[in-house]
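Descriptive structure summary
Residue strings, one per chain:
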Amino acid sequence: MPYQMPFKSLLTPGHTACAGCGEILAMRHVLDAAGANTIIAGATGCGEVTTSKYPTSSFRVPWIHANFENASAVASGILAAMRYRCNEASKHRSNESKAQEISEPVNQLTSPEGAPSGSTNLIAWGGDGATFDIGLGLISGSWERRENILYVCFDNEAYMNTGVQASGSTPIDANTTTSEPGAKSMGNSLQKKDMVRIALAHDCVYVATATVGNVLDIEAKVKKALSMTGPKYLQILVTCVPGWYTDAKDTIKVARLAQQTGIYPVVEYVDGKLVNVAKCPRPRSSVEEYLKLQGRFKHLFKDEKGATEIKRIQEKAEENVRKYNLQ
Ligand SMILES: Cc1ncc(C[n+]2csc(CCOP(=O)(O)OP(=O)(O)O)c2C)c(N)n1
Ligand code: SF4
Ligand SMILES: [Mg+2]
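Let me begin by describing the structure that accompanies this report. (Residues numbered from 1 in each chain as written. Chains lettered and ligands numbered in written order. Predicted model: local features only at pLDDT ≥ 70, side-chain atom pairs only at ≥ 80, totals over all residues.)

Some remarks on the site of ligand 1
Put simply, the rule reads: Each residue gets a C-beta atom placed from its backbone. Should that atom fall within 6 Å of a molecule or strand, the residue is termed near it. Note on conventions: DSSP H or I runs of at least 4 residues are helices, E runs of at least 2 residues are strands, and numbering of each starts at the N terminus. Amino acid classes used here: Ala, Val, Leu, Ile, Met, Phe, Trp, Tyr, Cys and Pro are nonpolar; Asp, Glu, Lys and Arg are charged; the rest, including Gly, are polar.
Taken together, 19 residues lie around ligand 1, and Gly45, Gly127, Gly129, Met160 and Asn161 are the ones closest in. If you list the elements that add at least two residues to the shell around ligand 1, you get helix H2 (46–49), strand E5 (121–127) and helix H4 (128–134). Looking at the shell around ligand 1, the element that brings in the most residues is H4, giving 3 residues. For the shell around ligand 1, the class distribution of residues is 6 nonpolar, 10 polar and 3 charged.

Structural data, given as structure tokens:
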């Protein structure tokens, strides 16, 4: 008997993501919130490799493979093609030699006959490596051109698909294969890059963070972003079981603790104004609770040096609480 999914989704089972993968779960909710009238340009990474093994695809929407660095540029090309087809359809319909040129970034696809089939969402997405590091220049270009595209970053805080190398998003002290702790190292020595501020500096109309610990929030943010015209950025913290050395059963718990401790502020900006923050509970969870569930921070629980680092991470959480008024 063929397998029947207990629910309908635009991302089908049969992908090869790990059990407990936060990225694939967040991806499903992004897609389902966006709906069937959506085109995706996806950077390579776990979200691509696990969903599109030739000749199969998990996507029930038009989805195009991009290289590691250029999902946003591929989306820019799709947008240009959509505008062109829309202009052509407009000429065809009016049968006038001087058809009205469409200059605004209207996302409209046309049916093969040339009739408009409604507004189409355009999403570019990628992991943190694709977003914070290698694709940043092309994302910046798309934002500068004020293109009507939602960019979604699935932030699992390292290059997971190629074996857990540190990225610009990796938090301080995390153990990755390129930032191993040892006699002279406490793990990653660099602070996580602040992509939210980079997006805000580009005047994106919508900038928000979320975690896979609250999938309803992800859905609401995708819908809100897609209702707005212009460049939009959504960054979702997603647990990675082998990369964070977590238990599959803790995927949601760990992501929730990231928000509840203040170490991963969940914020929402519209037109550059902070309009919403997810408040931390009272009493607030300590970062220790968050860190101890993850093997990537195991070395911090061994000695005094580690305890000092945990204090530093706690201070960072306190700074976030003050900065975003999280309590
Ligand atoms: C130009 C280029 N460099 C390196 C790679 C190899 N590569 C493919 S996926 C990947 C890691 C992706 O990391 P991230 O964007 O964080 O996504 P994740 O797998 O963590 O979801 C790397 C390094 C590539 N495909 N192209
Ligand atoms: S390695 Fe991490 S991101 Fe990749 S499929 Fe597994 S859990 Fe998901
Ligand atoms: Mg990653």
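Let's talk about the site of ligand 2
Contacts to ligand 2 come from 13 residues, most closely from Ala17, Cys18, Cys21, Cys46 and Cys240. Tallied by class, the residues present in the shell around ligand 2 amount to 8 nonpolar, 4 polar and 1 charged.

Topic: the packing of helix H3 (residues 71–94) against helix H5 (residues 136–144)
Where we set the bar: Inter-axis angles, ranging from 0 to 180 degrees, are taken between N-to-C directions of lines fitted to C-alpha atoms, where helices are fitted over the stretch in contact. With C-beta atoms placed from the backbone, a contact is any residue pair whose C-beta atoms sit within 7 Å.
Where H3 meets H5, the axes come as close as 7 Å, and the angle between the chain directions of the two elements is 35°. Within the contact between the two elements, H3 uses Ser72, Ala73, Ala75 and Ser76 and H5 uses Leu138, Ile139 and Ser142. Of the residues that constitute the contact of H3 with H5, the class distribution is 4 nonpolar, 3 polar and no charged.

Concerning the nonpolar core
What counts here: Nonpolar cores are identified as sets of buried Ala, Val, Leu, Ile, Met, Phe, Trp, Tyr and Cys residues joined via C-beta atoms within 7 Å. The burial label depends on the number of other C-beta atoms within 10 Å of a residue's C-beta. Counts of 20 or more mean buried, 12 or fewer mean exposed, and intermediate counts mean partly exposed, with C-beta atoms placed from the backbone.
Judged by nonpolar contacts, the single largest core of 81 residues is most densely connected at Ala26, Val30, Trp125, Tyr151, Val152, Leu234 and Ile236. Broken down by element, the residue count for this core peaks at 8 residues, all from helix H1 (residues 22–34). Apart from residues lying up to four places away in sequence, Leu234 is in contact with Leu150, Val152, Ala208, Ala210, Lys221, Val222 and Ala225.

Remarks on the sheet that holds strand E9 (residues 267–270)
Spelled out, the test is: Two strands qualify as a pair provided DSSP detects at least 2 bridges between them.
Across the sheet, 8 strands lie side by side as E2-E1-E5-E6-E8-E7-E9-E10; this open sheet has mixed pairing. Because the sheet does not close on itself, it has two edges, and the strands there are strand E2 (63–65) and strand E10 (273–277). On average, each strand axis in the sheet is tilted by 20° relative to the strand beside it, whichever way the strands run. Taken together, the 3 bridges between strand E7 (residues 206–211) and E9 define a ladder with antiparallel strand orientation. Opposite Val207, over in E9, you have Tyr269 as the bridge partner. Sitting on the sheet, H1 touches strand E1 (38–42), E5, strand E6 (150–155) and strand E8 (232–237), and the angle it makes with E6 is about 160°. Against the sheet, helix H7 (residues 215–226) engages E5, E6, E7, E8 and E9, with an angle of about 165° to E7.

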